[in-house]
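Tertiary structure, described
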Amino acid sequence: MSIRHGLLALLERGPRYGSQLRTEFESRTGSTWPLNVGQVYTTLNRLERDGMVAQGGEDEAGHTLYAITDSGRAELRTWFEKPVDRTSPARDELAIKLAMAVGAPSVDIRDVIQSQRRHTVQAMQDYTRLKAQALLAVEGGGSLERDDVAWLLVLEQLIFQTEAEARWLDHCESRLIRLSATARSAPDAEAPAPAPAPAARSGARAARTRS
């Protein structure tokens with residue numbers, strides 16, 4: 001997740017101070033990816049170092065305000081225009097867990113899959129309920145409509161993601177069942193044909209002699 005670009009996007013709407021940026025970021029994303037003030041100010045310091053933001057005085061309460069610069073706006077435009085890179089995907093804990101569970105002597109991978117599926121389905125139900133609430137807020141046209149629409153888009157992404165995860169878990173379970181069945185039948189398929197009994201071998205030799 002690009003915190004720096006998220007902060008730049010908020011600063012494009014006008015100067016803001018650190019805790020204000022944190023509140024607006026979490027409001028826009030429904031606190032899906034919560035920030036702490038330390039993260040915000042560390043990112044602001046780096047942006048200031050890189051010439052993308054500059055301190056712009058203080059508000060009436062004495063908070064230091066930060067404003068986006070022309071370099072920051074150019075960086076933000078590039079971020080919006082450039083597709084998110086998928087060639088180096090982020091580490092996925094679930095995929096790593098299942099990969100490590102394969103062949104682990106003390107782990108039944110089917111139990112791992114079933115446990116995760118229950119959690120995933122519950123999360124999908126929770127997201128769907130929150131989506132219904134977000135739709136009501138958007139259709140109501142309240143003062144926070146921009147944030148409600150943004151939260152709705154985030155929720156729908158989470159719903160699609162959990163649906164895909166549930167399908168992938170089903171696929172993993174089916175794949176393991178097929179591989180297990182193949183492993184059980186492989187020795188029978190590859191075993192050599194049993195040697196004929198001695199009487200049968202004698203009969204075969206006699207037949208060849210008569211012919």
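Residues numbered from 1 in each chain as written. Predicted model: local features only at pLDDT ≥ 70, side-chain atom pairs only at ≥ 80, totals over all residues. Heavy atoms only, no water.

Let's talk about the overall build of the protein chain
Within the protein chain, the secondary structure is distributed over eight helices and two strands. Each helix (α) and strand (β) of the protein chain, taken in turn from the N terminus, gives the series α-α-α-β-β-α-α-α-α-α. Residues classed as buried in the protein chain amount to 26% of the 211 residues present. For the protein chain, the share of sequence-separated contacts (at least 6 apart) that also reach a separation of at least 24 residues comes to 55%. Counting only carbon and sulfur atoms, one obtains 54% of the accessible surface of the protein chain, whose full area is about 14300 Å². (Helix = DSSP H or I, 4+ residues; strand = E, 2+ residues; numbered from the N terminus. Buried < 20%, exposed > 50% of the residue type's maximum accessible area, 1.4 Å probe, protein only. Contact = heavy atoms within 4.5 Å. Areas by Shrake-Rupley, 256 points an atom, 1.4 Å probe, with all protein chains shown as cover.)

Overview of the nonpolar core
Ranked by internal contacts, the top residues of the largest apolar core, which has 16 residues, are Leu7, Leu8, Leu11, Leu21, Val40, Leu44 and Val53. Put simply, the parts of the chain that give this core at least two residues each are α1 (3–11), α2 (18–29), α3 (37–49) and β2 (64–68). Considering each element in turn, this core owes the most residues, five residues, to α1. Apart from the residues lying within four places of it in its own chain, the contact partners of leucine 44 are Leu7, Leu11, Gly18, Leu21, Val53 and Tyr66. (Core = buried A, V, L, I, M, F, W, Y, C linked by side-chain atoms within 4.5 Å.)

Quick notes on the pattern of salt bridges
Per the stated rule, a full pass over the model turns up 10 salt bridges. Residue glutamate 24 is joined to arginine 16 by a salt bridge in which the shortest nitrogen-to-oxygen separation is 2.8 Å. Neither glutamate 24 nor arginine 16 differs from the other in exposure class; each is buried. With its nearest N and O atoms 2.9 Å apart, the salt bridge here joins arginine 28 to aspartate 147. Taken as a pair, arginine 28 in helix α2 and aspartate 147 in helix α7 (residues 145–190) lie far apart in primary sequence, 119 residues in all. Via salt bridges that share partners, Arg4, Arg49 and Asp50 belong to a single interconnected network. (Salt bridge = Lys/Arg side-chain N within 4 Å of Asp/Glu carboxyl O.)

Notes on the packing of α1 against α3
Between α1 and α3, the shortest axis-to-axis distance is 10 Å and the interhelical angle comes to 80°. On the basis of the axis angle, α1 is roughly perpendicular to α3. Two secondary-structure elements touch here, α1 through Ile3, Arg4, Leu7, Leu8 and Leu11 and α3 through Gln39, Val40, Thr43, Leu44 and Leu47. When its residues are assigned to classes, the contact of α1 with α3 shows seven nonpolar, two polar and one charged. (Axes fitted to C-alpha atoms, helices over the stretch in contact; angles between N-to-C directions. Parallel < 35°, antiparallel > 145°, perpendicular 65-115°, else oblique. Nonpolar A, V, L, I, M, F, W, Y, C, P; charged D, E, K, R; others polar.)

With respect to helix α6 (residues 109–140)
Taking 1.5 Å per residue, 32 residues should reach 46 Å; α6 reaches 46 Å between its end C-alpha atoms and fits that length. Taken together, the buried positions of α6 are Ile109, Ile113, Gln116, Arg117, Thr120, Ala123, Met124, Ala134 and Val138. Between the side-chain oxygen of the N-cap and the backbone nitrogen of arginine 110 there are 3.0 Å, and the N-cap of α6 in question is aspartate 108. (Expected span 1.5 Å × (residues − 1). Polar contact = N/O pair within 3.5 Å; in protein donor to acceptor, adjacent residues only side chain to side chain.)

Some remarks on the environment of isoleucine 3
Within the fold, isoleucine 3 resides in helix α1. In sequence terms isoleucine 3 and tryptophan 33 are 30 residues apart; their C-alpha atoms lie 9.8 Å from each other. Residues contacting isoleucine 3, with those up to four places away along its chain left out, are Leu35, Gln39 and Thr43.

Brief notes about the pairing of β2
Across four bridges, strand β1 (residues 53–58) lies against β2 in antiparallel orientation. Within β2, the position partnered with valine 53 by the bridge is isoleucine 68. Connecting the antiparallel pair β1 and β2 is a turn made up of five residues, with glycine 62 showing a positive phi of about 90°. (Pairing = 2+ DSSP bridges.)

Some thoughts on the confidence of the model for the protein chain
On average, residues of the protein chain score 86 in pLDDT, and 85% of them reach the 70 mark or higher. Per-residue pLDDT, averaged within each element of the protein chain, yields its smallest value for helix α8 (residues 198–210) (48) and its largest for β2 (96). Per-residue pLDDT stays below 50 along residues 204–209; that stretch engages in zero contacts with residues further than four places along the chain or on separate chains. (pLDDT = per-residue confidence, 0-100.)

A look at α3
Over its 13 residues, α3 extends 18 Å from the first C-alpha to the last, a length consistent with the 18 Å expected when each residue adds 1.5 Å. Residues Val40, Thr43, Leu44 and Leu47 constitute the buried set of α3. Angular distribution of buried residues about the axis of α3 spans 105°; they occupy a single face of the element. Lining the buried residues of α3 we find α1, α2, β1 and β2. Regarding α3, its N-cap is asparagine 36, as a side-chain oxygen of that residue lies 3.1 Å from the backbone nitrogen of glycine 38 further along. Trailing α3 by a residue or two, glycine 51 shows a phi angle of about 80°, which is positive. (Arc of directions from axis to C-beta.)

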